[in-house]
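Single-letter residue listing:
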Amino acid sequence: MTAQILDGTRISGEIREKIGEEVAALKAEHGFVPGLTVIQVGEVPESSAYVKMKEKAANKAGFLSRKINLPVDASEAELLDEIHRQNEHPDIDGILVQLPVPDEFDENKILSAVAIEKDVDGFNPYSVGMLSASKDRFIAPATPVGIMELIRRTGIDMKGKEAVVLGRSNIVGKPTAALLLKEHATVTICHSRTKDLPSVTSRADILVVAVGRELMVTSEYIKEGAVVIDVGVNYTEDEKKFKEVYLDFPDFIEKLEKKGYGYFGDVHYPQALKKASWITPVPGGVGPMTIASLLMNTVTLARRRRLGE
Ligand code: NDP
């Protein structure tokens, strides 16, 4: 079997275009555009890159987009003050605090400070509870929302299917499992203490991998015909290894040679391609969907807060 590719870049482009149209309609019919504030403390380069992407995407969709960069030595109280200001701001519908925050901050306290009706990332503990407990009106974190959209695009009926989520982080693994459960899949969550991983993951009709270990999921982890979603993004400059893995993918190698670096997924893509029915590439799979989902969540919150939907 040769898997079909779930092209996150293309799908996210389609979603973002639709959001752009919806924003124009909101402006014309109701006189507002959705507002998104991203707050970052300090300048962790990786975080800054993500913040920039989010800001750019929000601007492009026609949102009111604000970036608030607190200095690296800002206190927890200053961050909480800023969150409260955004909570009160009439033009802001979604607030996102870019993680990680400095180690000495109480992350739970910060995430709890974001007003529920503006919690675009779904990380406020109340939102986390709503995702587990409620049938609707919850806001799920952006990456899991994007993952679910990709699975939907395969056309697979998730009801009753065996779904295995490899990884149990609060950001990806657990919320993805909760969303799969809402779709009536039979869900198993695996982690670093799971015994004999391949025997569990190879039962999966839907396998979501969010581990952060390059190329860990090889052929023996995958059931013939499974839908495989690879969330992992693992930076590499190891040209020799990259060329060995992507021997039959000259365009991947060309990109690496041009940039001097590349990315491995958590899944061994060439092996998965031969066994799965659908597979997400890295990059260009889940990553672009995360941004599109953030925009979708912001529009949802704006419609609820301003139009009472
Ligand atoms: P975390 O590090 O928070 O969680 C990793 C999970 O994987 C943990 O539950 C851990 O288990 C489990 N794990 C680690 N090693 C093993 C192993 N050898 N066997 C089995 N399980 C293992 O990562 P995240 O969930 O935040 O991210 C996962 C990956 O997804 C990363 O590569 C990250 O960069 C990427 N990512 C991509 C996004 C995108 O938009 N494309 C967004 C977010 C993340 P335990 O709990 O027992 O420690």
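Keep in mind it's a predicted model, so treat the numbers as computed, not measured. (Residues numbered from 1 in each chain as written. Predicted model: local features only at pLDDT ≥ 70, side-chain atom pairs only at ≥ 80, totals over all residues. Heavy atoms only, no water.)

**Quick notes on unusual backbone geometry**
Pro 100 follows Leu 99 through a cis peptide bond whose omega is 0°. Inspection of the secondary structure puts Pro 100 in the loop between β4 (94-97) and α4 (107-113). Phi angles above zero are rare outside glycine, and Arg 137 is one such case at about 60°. Secondary-structure assignment places Arg 137 in the loop between α5 (125-133) and α6 (142-153). (Helix = DSSP H or I, 4+ residues; strand = E, 2+ residues; numbered from the N terminus.)

**Digging into the packing of aromatic side chains**
For the structure shown, the criterion picks out 11 aromatic pairs. Judged by centre distance (5.8 Å) and plane angle (85°), the ring pair of Tyr 246 and Phe 249 falls under edge-to-face. By relative accessible area, which is 1% here, Tyr 246 ends up buried. Classification of Phe 249 as buried rests on a relative accessible area of 15%. Pairwise contacts between aromatic rings join Phe 242, Tyr 246, Phe 249, Phe 252, Phe 264 and Tyr 269 into one cluster. (Phe/Tyr/Trp six-rings, centres within 6.5 Å; stacked < 30°, edge-to-face > 60°. Buried < 20%, exposed > 50% of the residue type's maximum accessible area, 1.4 Å probe, protein only.)

**Comments concerning the confidence of the model for the protein**
Looking at the protein as a whole, its pLDDT mean stands at 97, while 100% of the residues score no less than 70. Predicted confidence in the protein is weakest over helix α2 (residues 45-60), with a mean pLDDT of 91, and strongest over strand β7 (residues 206-209), with 99. (pLDDT = per-residue confidence, 0-100.)

**Things to note about the nonpolar core**
Judged by nonpolar contacts, the single largest core of 48 residues is most densely connected at Phe 63, Ile 151, Leu 180, Val 208 and Ile 229. Summarising the domain contributions, this core has at least three residues from each of domain 1 (30-117) and domain 2 (142-286). Contact partners of Ile 229, with chain neighbours within four places excluded, come to Leu 6, Ile 147, Leu 150, Ile 151, Leu 207, Val 208, Val 209, Thr 280 and Val 286. (Core = buried A, V, L, I, M, F, W, Y, C linked by side-chain atoms within 4.5 Å. Domains from an automatic or database assignment. Contact = heavy atoms within 4.5 Å.)

**Quick look at the pattern of salt bridges**
Evaluation of the coordinates by the stated rule reveals 17 salt bridges. The salt bridge involving Arg 152 is made with Glu 183; its shortest N-O contact spans 3.9 Å. Of this pair, Arg 152 sits in helix α6 while Glu 183 is found in the loop between α7 (173-182) and β6 (186-190), placing the two residues 31 residues apart along the sequence. On the basis of relative accessibility, which here comes to 30%, the residue Glu 183 falls in the partly exposed class. (Salt bridge = Lys/Arg side-chain N within 4 Å of Asp/Glu carboxyl O.)

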